[in-house]
Amino acid sequence: MVCADRIYSEDYEDHIVEYYGDEQYLYQKYPDACFQIVSERYAIAYTKSGSMDNYVSDGSFIIPHCYGLMSSEQVLESSGILRTQRQPALSLFGQGVMIGFIDTGIDYTHPAFLGSDNTTRIYSIWDQSIEPDDTNKGRIPEGFAFGQEYTREDINDALSSDNPWEIVPSRDLNGHGTFAAGVACGSSIESKAFSGVAPLADICVVKCKEAKNSLKRFYRITTNEPVYAENDILLAVRYLWETANKRNRPLVICLGLGTSMGGHEQGGVLGRYLQTVGDYRGVTVVTSCGNEANTSHHYRSDMVSPGTDVQVEVRVGSNNGFMIELWSEAPYLYAVALTSPNGEYSGKIQAGLGEKRHIDFILDDTVVDVEYLLFAYESGDECIQIRFDNPSVGIWNIRVFNENDATGFFDMWLPIRNFLPETTYFLKADPDVTLCDPSNNTNLISASYYNSSNRSVAINSSRGYTRLGYIKPDIASPGIDVYGPLPYVGNKYPGTEEERMLLTRFGYMNGSSGACAVTAGAAALLLEWGIVRKNDISMNTVKVQKYLIRGADASGMSGVNRLWGNGTLYLYGVFESLISGRS
């Protein structure tokens, strides 16, 4: 079986492995695996199902996290973008810059992605979800082992045909990716009163394939919502980066995906890799903060004295399973015990390196797996994973014991709202520290969202800071009633241009992804000014982040805070700050 077959087969599991640039070492140490290389540090391994526990327990492999979706003229005005576009000396529209999207795909037939000559503005699409066969192996991107790549020429051929999806069968049936790409860089369409932030930027798209069932089972995800594996996102980042290099374009990566599993500090393997890529000149990474503030999916303890314990109550509604992660800063150490709704007690599970406990709650017909990661990969801090199968409805009590000689605190997170019914939540929840990974990484750009029509807080927008108190988000961007394109829903392509325009759909969306797209478009305008026009050729993610922070509108704020970060996105303020800095 070739590696491409393993990538799609449910008989094989996906893992992340850290190595040090020697590919031969990988094949010698893991002769039963095949690999996709991400970078000189990370690779993706595909091994026979059932090997996960063996490799993970000895620290060889890292289990990928599961990521979910972070799902107008007014927006452009409030963000200072229209003013930046219309200022004659600036006149920035994203020309010469590429924006890359890792999402649900794109409706390439939508007029928002056509140029003035009615040809596509999309440079390429890598659809990971289309499995190669004997007829299309030539479309696998160079250096990768799966999926199908469609170039600008392919897309233009499709657009000139009676049925474009026969030529380029990649479609966005969800609409999330189409909307994000349109908001960030859709073409101006006066008849629909629409323009993206960077309407002249090149577009590159990765449609992520969905995670395997084995990974969803590990994280106890039973939702019908789309679930994406960290390993596929890592390869998507590599594809966007390499494509921009071939095209010789500065690159903005717009990531409209996130997870609440992880340390809420560095963003896990994905956060570290994005930081590495974003450190290069001409690359900027923008991430979604999430919609988790009002879900009651985060718990932060008060200060816990040595030798004492606290009770954490979780209200569990009807669902097949879920997962909780507890995180504490090294060298602090905590242990847990569980009491079911029927009063059955697990006993204290002593903290220890590699400690695992499989608990059968007889009175509740529930199984709970508890695993201690005393030196979690991304930070070396303690992480306790608690996985519930068939949990009884009612109040579950998690007793957390302070095993330290000093007073400390801990955090616990449930999965993002997409992966859990709203009837399961912490009874004593904290809306802060709810930013999704990888947006917690301080070297990536993250924007929470607000209502730009009245400059009010968006109640669902995830809040900072990071788990250890670093300032995040960087800024807040518009995320309520954002106007953007929606994909075509029919199966028969309209015959004439008039019919196509008549059936072209636009709509409104709320949430973190819209704010991420607006911010990504603004970053593209800055890269046009800095890299393309050579006003600051050293621009990278951190430098663009600092430009945006300097230009942020902090009116009405008493200082940096957990909701708005340093203020709201105001792109024209960046250039005003440069002028004022001369005086």
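Quick caveat: nothing in here was measured; it's all calculated off a predicted structure.

(A) Local environment of the overall build of the protein chain. Secondary structure assignment for the protein chain yields 15 helices and 28 strands. Along the first, second and third principal axes, the C-alpha set of the protein chain runs to 70 × 65 × 45 Å. Of all 583 residues assigned to the protein chain, the portion counted as buried reaches 62%. For the protein chain, the exposed surface amounts to about 22100 Å²; the carbon and sulfur share of it is 47%.

(B) Up close: the sheet that holds strand E5 (residues 66-69). Spatial ordering of the open sheet is given by E10-E5-E12, a layout of 3 strands whose pairing is antiparallel. The strands lining the two open edges of the sheet, one partner per strand, are strand E10 (228-229) and strand E12 (257-258). By the bridge criterion, 2 bridges tie E5 to E12 in an arrangement that is antiparallel. From the neighbouring strand, glycine 68 faces E12, where its bridge partner is glycine 258.

(C) Inspection of the pattern of salt bridges at higher detail. As enumerated under the stated definition, the model contains 24 salt bridges in all. Where aspartate 381 meets arginine 467, a salt bridge forms, and the shortest distance between an N and an O atom there is 2.7 Å. A residue pair is termed long-range when its members are at least 10 positions apart, and aspartate 381 in the loop between strand E19 (366-373) and strand E20 (382-389) and arginine 467 in the loop between strand E25 (456-457) and strand E26 (475-478) qualify at 86 residues. With respect to burial, aspartate 381 and arginine 467 carry one shared label: buried.

(D) Molecular detail of the layout of surface pockets. Taken as a whole, the second largest pocket encloses approximately 400 Å³ of empty space. As for the second largest pocket, its lining consists of 17 residues, of which Pro111, Leu114, Gly115, Asn118 and Glu497 are closest to the centre. When residues in the lining of the second largest pocket are grouped by element, the largest group, 3 residues, is from helix H12 (residues 497-503). Of the residues in the lining of the second largest pocket, the class split is 8 nonpolar, 6 polar and 3 charged.

(E) A look at the packing of helix H13 (residues 512-532) against helix H14 (residues 541-551). Running from N to C, H13 and H14 cross one another at 105°; their axes reach a closest spacing of 11 Å. Here H14 runs roughly perpendicular to H13, going by the angle between their axes. Mapping the contact onto sequence places Thr519, Ala523, Leu526, Leu527 and Trp529 in H13 and Val544, Tyr547 and Leu548 in H14. A class-by-class count of the residues in the contact of H13 with H14 yields 7 nonpolar, 1 polar and no charged.

(F) Spotlight on the sheet that holds strand E15 (residues 309-316). Judged by pairing direction, the sheet is antiparallel, and its 4 strands sit side by side in the order E17-E21-E15-E23 without closing on themselves. Every other strand in the sheet has two partners, leaving strand E17 (334-339) and strand E23 (425-426) as the edge strands with one partner each. Strand direction decides the pairing type here: E17 and strand E21 (residues 394-402), joined by 6 bridges, are antiparallel. Looking at E21, one finds that valine 336 is bridged to valine 400.

(G) Here's a closer look at helix H6 (residues 152-159). When we look at burial in H6, the residues that qualify are Arg152, Asp154, Ile155, Ala158 and Leu159. Looking straight down H6, one finds its buried side chains confined to an arc of 160°; they lie on one side. Buried residues along H6 sit in contact with strand E7 (122-127), strand E8 (148-151), helix H7 (164-167), strand E9 (202-207) and helix H10 (230-247).

(H) Seen up close, the nonpolar core. Ile99, Phe101, Tyr108, Val252, Leu526 and Leu571 are the most contacted members of the largest nonpolar core, which totals 68 residues. If you tally residues by element for this core, the top one is H13, at 12 residues. When near neighbours in sequence (up to four residues on either side) are disregarded, leucine 526 contacts Met539, Val544, Tyr547, Leu548, Leu571, Val574 and Phe575. In terms of nonpolar packing, the next biggest core, distinct from the first, is built from 43 residues, Ile62, Ala244, Leu257 and Val285 among them.

(I) How the structure looks around H10. An ideal rise of 1.5 Å per residue puts 26 Å on 18 residues; H10 measures up with 26 Å between its terminal C-alpha atoms. Counting buried residues along H10, 14 of its 18 residues qualify, which places the element largely inside the surrounding structure. Positioned one or two residues after H10, asparagine 248 has a phi angle of 60°, which is positive.

(J) Seen up close, the state of the cysteines. Under the criterion given, the structure shown has 1 disulfide. A sulfur-sulfur distance of 2.3 Å marks the disulfide that ties cysteine 3 to cysteine 34. With the S-S bond torsion at 80°, the cross-link from cysteine 3 to cysteine 34 turns out right-handed. One end of the pair, cysteine 3, is in helix H1 (residues 3-8); the other, cysteine 34, is in strand E2 (residues 34-37), and 31 residues separate them in sequence. In terms of burial, cysteine 3 and cysteine 34 fall into one category: buried.

(K) A look at the environment of arginine 500. Relative to the helices and strands, arginine 500 is located in helix H12. Judged by its relative accessible area of 26%, arginine 500 falls in the partly exposed class.

(L) Molecular detail of the packing of aromatic side chains. Summed over all chains, the structure comprises 24 aromatic pairs. With 6.1 Å between their ring centres and 45° between their planes, tyrosine 299 and phenylalanine 426 make a pair best called tilted. Here the residue tyrosine 299 occupies a position in strand E14 (residues 298-300), and phenylalanine 426 occupies one in strand E23, the gap between them amounting to 127 residues. No difference in accessibility class separates tyrosine 299 from phenylalanine 426, as the two residues are buried. These aromatic residues form a ring-pair network of at least three members: Tyr8, Trp126, Phe144, Phe146 and Tyr239. One cation-aromatic arrangement involves arginine 171 over tryptophan 165; the distance from NZ or CZ to the ring centre is 3.9 Å.

About the cut-offs
- Residues numbered from 1 in each chain as written.
- Predicted model: local features only at pLDDT ≥ 70, side-chain atom pairs only at ≥ 80, totals over all residues.
- Heavy atoms only, no water.
- Helix = DSSP H or I, 4+ residues; strand = E, 2+ residues; numbered from the N terminus.
- Buried < 20%, exposed > 50% of the residue type's maximum accessible area, 1.4 Å probe, protein only.
- Areas by Shrake-Rupley, 256 points an atom, 1.4 Å probe, with all protein chains shown as cover.
- Pairing = 2+ DSSP bridges.
- Salt bridge = Lys/Arg side-chain N within 4 Å of Asp/Glu carboxyl O.
- 1 Å grid on protein atoms, 1.4 Å probe; cavity = no way out; pocket = protein on both sides within 12 Å on 5 of 7 lines; lining within 4 Å.
- Points joined across faces, edges and corners; volume = space filled by probe spheres on them.
- Nonpolar A, V, L, I, M, F, W, Y, C, P; charged D, E, K, R; others polar.
- Axes fitted to C-alpha atoms, helices over the stretch in contact; angles between N-to-C directions.
- Parallel < 35°, antiparallel > 145°, perpendicular 65-115°, else oblique.
- Contact = heavy atoms within 4.5 Å.
- Arc of directions from axis to C-beta.
- Core = buried A, V, L, I, M, F, W, Y, C linked by side-chain atoms within 4.5 Å.
- Expected span 1.5 Å × (residues − 1).
- Disulfide = S-S within 2.5 Å.
- Phe/Tyr/Trp six-rings, centres within 6.5 Å; stacked < 30°, edge-to-face > 60°.
- Lys NZ or Arg CZ within 6 Å of the ring centre and 35° of its normal.

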